[in-house]
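Residues per chain are reported as follows:
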Amino acid sequence: MYQAAKHSSKLQKNGLDDDLSLVEGSTSASHRLSLYDQPPLYDITVEDFETSALDRLRILAEIESSAARNRSWEETKQVTITQCGKYLPLNSNSALGIDLQSERRKDQLGHFVLRLAFCRSEELRRRFVKAETTLFRVRYETDDSNERRAFLDSKDFNWISVGSEEKNKYQAQLTHFAPGKSDTERENAFKSEPFYKVKWTTIPDLVDKRKVFMKGGFAYVPAREQASIIYAAFEERLDAALLATSRAIPLVDEETRLNPILDNLAQGFTAGVPSDWHFPLCMRVLHQTLRRDRHIQHFGRLHYGLFLKVLGLKIDEAIIFWRKSFAGGKGSDKFDKEYRYNIRHSFGLEGGRRNYPAKNCLQLHTAHEAGCPYRQLENSPENLQSALLSTYSGQGLTLDDLPEIMTQVKKKAYHVACTRVFEITHSRHVKKGEGLGDGESVTHPNQYAARSIELEKDSQEPKMEVD
Ligand code: SF4
């Protein structure tokens with residue numbers, strides 16, 4: 001067992017009480033939204049420590065990926081909601097039959113673990129704050145309005161309500177910022193619109209867009225722009241907390257068991273978390289089955305395990321990955337007995353010590369189990385089409401694309417169908433007929449994934465610099 005409070009105690013002794021103060025009862029959270037100003041204060045296992053962080057990291061990585069793909073705000077919001085539903089559900093107080101406290105514990109824990117991992121460089125801090133603020137904004141916009149109001153009432157955002165005398169004094173200027181198309185509409189809106197004063201430096205986006213009146217170092221913010229103040233406060237507090245944590249990190253580093261985990265988390269974020277987004281259908285199906293059932297059969301483990309190995313998963317990461325994937329149904333003794341040996345074997349560390357290669361498409365086309373879905377579902381076209389749509393609709397594949405894919409499947413040209421799916425889901429980078437680039441067809445799941453990751457990196461790099 002690992003005590004989450006242990007690090008907090010050390011940090012507190014170093015004068016960081018403001019951002020990482022110890023608070024009795026911080027295992028419970030009465031609001032769905034959080035500014036994460038109270039660190040967890042309870043015993044956790046190393047596995048919980050890691051699982052909560054990895055699940056949160058998936059969501060933050062998808063948020064980064066949305067920015068890199070120039071997704072609209074509505075698209076980003078939708079993708080984030082879907083990812084949160086899978087990996088980090090966080091329901092309102094009104095939800096029935098849900099263990100809200102355990103959802104909120106996981107949310108808090110993941111956030112604070114990632115703080116430890118991402119406070120270590122300015123670049124990581126900047127990216128973490130940006131992704132976390134987006135996640136907060138999605139949750140804020142989708143929160144129940146009464147619960148959101150209760151959350152806001154419970155916090156001090158340093159905003160000052162503008163009284164009627166002051167409001168009237170600046171009526172001419174403030175009316176300009178009230179909604180409406182005509183002067184009369186704006187004047188009427190002004191009467192009913194409350195205003196708040198905040199230091200203008202805390203809301204640079206509203207100042208930039210000239211959406212506020214400024215006077216004496218304060219910005220006068222109309223109530224409908226209140227959300228911007230809250231996002232800015234979230235960002236500012238997290239920024240300061242990360243900086244404070246980074247100064248205390250040598251103390252955290254004393255905990256040697258956690259160091260490899262924190263390092264891996266940070267590296268995963270830098271490289272773009274290994275995401276099934278880049279996988280061909282065969283590996284996506286195995287990944288989804290494992291997520292859903294917490295188990296896959298022997299050949300599924302073999303094919304998927306070798307694929308992940310070639311993708312770059314190290315032996316210790318593979319053991320953590322599989323142990324975590326089986327969590328819930330398999331205790332660690334059972335895992336150690338039944339699976340650890342096979343994983344080490346596939347890395348050439350047991351038995352004949354052969355470093356096995358991952359299976360190629362030809363081998364997967366003829367496999368009886370856990371093989372190529374285009375081949376295995378060719379006689380159930382409805383199932384294949386629904387697998388394609390549910391897997392790739394978020395990446396641009398539509399109903400209209402299915403006939404030509406199915407035509408190739410009927411001709412038993414499975415790799416051509418798979419290549420066409422690659423073209424459709426990477427249409428920003430490759431045109432129809434170009435395959436993985438230069439007309440190359442899919443011959444290996446790892447070739448598909450490597451090319452997909454490469455294209456994504458190419459498109460991300462210039463954006464990261466502009467930011
Ligand atoms: Fe996987 Fe190859 Fe089938 Fe594509 S064609 S799904 S990469 S086995």
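This write-up is about the structure you can find in this document. As the structure is a prediction and not an experimental result, all values here were calculated from the model. (Residues numbered from 1 in each chain as written. Predicted model: local features only at pLDDT ≥ 70, side-chain atom pairs only at ≥ 80, totals over all residues. Heavy atoms only, no water.)

Details of the side chain of Ser-34
Going by this rule: Secondary structure is summarised from DSSP: a helix means a run of H or I of at least four residues, a strand means a run of E of at least two, and numbering begins at the N terminus for each. Accessibility here uses a 1.4 Å probe with only protein chains present; expressed as a share of the type maximum, an area under 20% marks a residue as buried, one over 50% as exposed, and anything in between as partly exposed. Residues adjacent in sequence count toward polar contacts only when both atoms are side-chain atoms; beyond that, a polar contact is any pair of N or O atoms within 3.5 Å, and within protein one must be able to donate a hydrogen and the other to accept it.
On the secondary structure map, Ser-34 appears in the loop between helix H2 (17–20) and strand E2 (43–44). Judged by its relative accessible area of 12%, Ser-34 falls in the buried class. Of the polar contacts made by the side chain of Ser-34, one reaches the backbone nitrogen of Tyr-36; its length is 2.9 Å. Within the local environment of Ser-34, its side chain forms a polar contact with the side chain of Gln-108, the two groups lying 3.0 Å apart.

Some words on the pairing of strand E6 (residues 218–222)
What counts, and what does not: A pair of strands is treated as paired once DSSP finds two or more bridges between them.
Of all five residues in E6, four are buried, a share of seventy percent or more. Bridging between strand E4 (residues 195–199) and E6 involves five bridges; their strand directions are antiparallel. Bridged to Val-198 within E6 is Ala-219. As judged from the three bridges shared by strand E5 (residues 213–215) and E6, these two strands associate in the antiparallel manner. Looking at E6, one finds that Met-214 is bridged to Ala-219. Counting the residues between successive antiparallel strands, the hairpin from E5 to E6 contains two residues, one of them, Gly-216, with a positive phi of roughly 55°.

As for the nonpolar core
The cut-off we apply is this: Within this scheme, the nonpolar core is defined by two criteria: the residues are buried Ala, Val, Leu, Ile, Met, Phe, Trp, Tyr or Cys, and they are joined through side-chain atoms within 4.5 Å. Throughout, a contact is declared for two residues whenever any of their heavy atoms are within 4.5 Å.
Tyr-304, Trp-322, Tyr-374 and Leu-388 are the most contacted members of the largest nonpolar core, which totals 44 residues. Of the residues forming this core, the biggest block, six residues, is contributed by helix H22 (residues 414–425). Contact partners of Tyr-374, with chain neighbours within four places excluded, come to Leu-281, Leu-384, Leu-388, Ile-405, Val-409, Tyr-414, Ala-417, Cys-418 and Val-421. Listed in part, the 40 residues of the second largest apolar core include Ala-117, Phe-136, Tyr-231 and Ala-233.

Notes on helix H7 (residues 145–153)
Test applied: To obtain the arc, one takes the directions from the helix axis to the C-beta atoms.
Along H7, the positions that sit buried rather than exposed are Glu-147, Phe-151 and Leu-152. For H7, the buried positions fall inside an angular range of 140° around the axis, keeping them on one side. Turned more than 90 degrees off the buried face of H7, the exposed positions are Asn-146 and Asp-153. Structurally, the start of H7 carries an N-cap: the backbone nitrogen of Asn-146 is 3.0 Å from a side-chain oxygen of Asp-144.

A few points about helix H14 (residues 281–293)
The criterion, for reference: Here the expected length of a helix is defined as 1.5 Å per residue gap, with one fewer gap than residues.
The end-to-end C-alpha separation of H14 is 18 Å, in line with the 18 Å expected for 13 residues at 1.5 Å each. Looking only at H14, the buried set comprises Leu-281, Cys-282, Met-283, Arg-284, Leu-286, His-287, Thr-289 and Leu-290.

As for empty space enclosed by the protein
Put simply, the rule is: Here a cavity means grid points, on a 1 Å grid over the protein atoms only, where a 1.4 Å probe fits yet cannot get out; a pocket means an open set of points with protein on both sides within 12 Å along at least five of seven lines; lining residues are those with an atom within 4 Å of a point. Grid points are joined across faces, edges and corners, and a volume is the space filled by probe spheres set on the points. Under this grouping Gly is polar, as are all residues other than the nonpolar Ala, Val, Leu, Ile, Met, Phe, Trp, Tyr, Cys and Pro and the charged Asp, Glu, Lys and Arg.
With the rule as written, the count across this model stands at five cavities of 30 Å³ or more. One number sums up the size of the second largest cavity: a volume of about 90 Å³. Around the second largest cavity sit 15 residues that line it, and Cys-282, Cys-361, His-365, Cys-372 and Cys-418 are the ones nearest its centre. Listed by contribution, the elements that provide at least two residues to the lining of the second largest cavity are H14, helix H18 (361–366), helix H19 (373–376) and H22. Each residue belonging to the lining of the second largest cavity can be placed in one class, and the counts come to 12 nonpolar, three polar and no charged.

Focus on the packing of helix H5 (residues 100–118) against helix H6 (residues 122–142)
Applied cut-off: Every axis corresponds to a line fitted to the C-alpha atoms, with the helix fit spanning only the stretch in contact, and the corresponding angles, defined between N-to-C directions, vary from 0 to 180 degrees. Angle categories: roughly parallel below 35 degrees, roughly antiparallel above 145, roughly perpendicular from 65 to 115, and oblique for all the rest. By convention the crossing between two helices is left-handed if the near helix lies anticlockwise of the far one by an angle smaller than a right angle, and right-handed if it lies clockwise.
Contact pair H5 / H6: the axes reach a minimum separation of 10 Å and the direction vectors enclose 160°. By the angle between their axes, H5 is roughly antiparallel relative to H6. When you trace H5 past H6, the crossing you get is left-handed. For the pair H5 and H6, the contacting residues are Asp-107, His-111, Leu-114, Arg-115, Ala-117 and Phe-118 in the first and Leu-124, Arg-125, Phe-128, Glu-132 and Arg-139 in the second. Tallied by class, the residues present in the contact of H5 with H6 amount to five nonpolar, one polar and five charged.

Describing the packing of aromatic side chains
Heads up, the rule is: In this analysis, rings of Phe, Tyr and Trp, with Trp reduced to its six-membered ring, are considered paired at centre separations within 6.5 Å, and the interplanar angle assigns stacked below 30 degrees, edge-to-face beyond 60, and tilted for intermediate values. For a Lys NZ or an Arg CZ to count as sitting over a ring, it must be within 6 Å of the ring centre and within 35 degrees of the ring normal.
Here the structure, examined in full by the defined rule, presents 18 aromatic pairs. An angle of 85° between the planes, with centres 6.0 Å apart, marks the rings of Tyr-304 and Trp-322 as edge-to-face. Of this pair, Tyr-304 sits in helix H15 (residues 298–311) while Trp-322 sits in helix H16 (residues 315–325), placing them 18 residues apart in sequence. Exposure remark for Tyr-304: the relative accessible area of 1% places this residue in the buried category. According to the relative accessible area criterion, Trp-322 is buried, its value standing at 4%. Among the aromatic residues, those joined into a ring-pair cluster are Tyr-36, Phe-112, Phe-136, Tyr-140, Phe-151, Tyr-231 and Phe-234. One cation-aromatic arrangement involves Arg-137 over Trp-73; the distance from NZ or CZ to the ring centre is 3.7 Å.

Digging into the side chain of Glu-423
By secondary structure assignment, the location of Glu-423 is in helix H22. For Glu-423, a relative accessible area of 6% translates into the label buried. Within polar-contact distance, the side chain of Glu-423 engages the backbone nitrogen of Gly-435 at 2.7 Å. If we ignore the near neighbours within four places in the chain, the residues touching Glu-423 are Val-430, Lys-431, Lys-432, Gly-433, Glu-434 and Gly-435.

Digging into the site of the ligand
Selection rule: When at least one non-hydrogen atom of a residue lies within 4 Å of a molecule or strand, that residue is treated as near it. If over half the atoms of a molecule are within 2 Å of the grid points of a cavity or pocket, the molecule is regarded as sitting in it.
Inspection of the region around the ligand gives Pro-280, Cys-282, Cys-361, Leu-364, His-365, Cys-372, Pro-373, Tyr-374, Cys-418, Val-442 and Pro-445 as its neighbouring residues. With respect to the detected pockets, the ligand is housed in the second largest cavity. Those elements giving two or more residues to the shell around the ligand turn out to be H18 and H19. For the shell around the ligand, the element with the most residues is H18, which contributes three residues. Class assignment of the residues belonging to the shell around the ligand gives a composition of 10 nonpolar, one polar and no charged.

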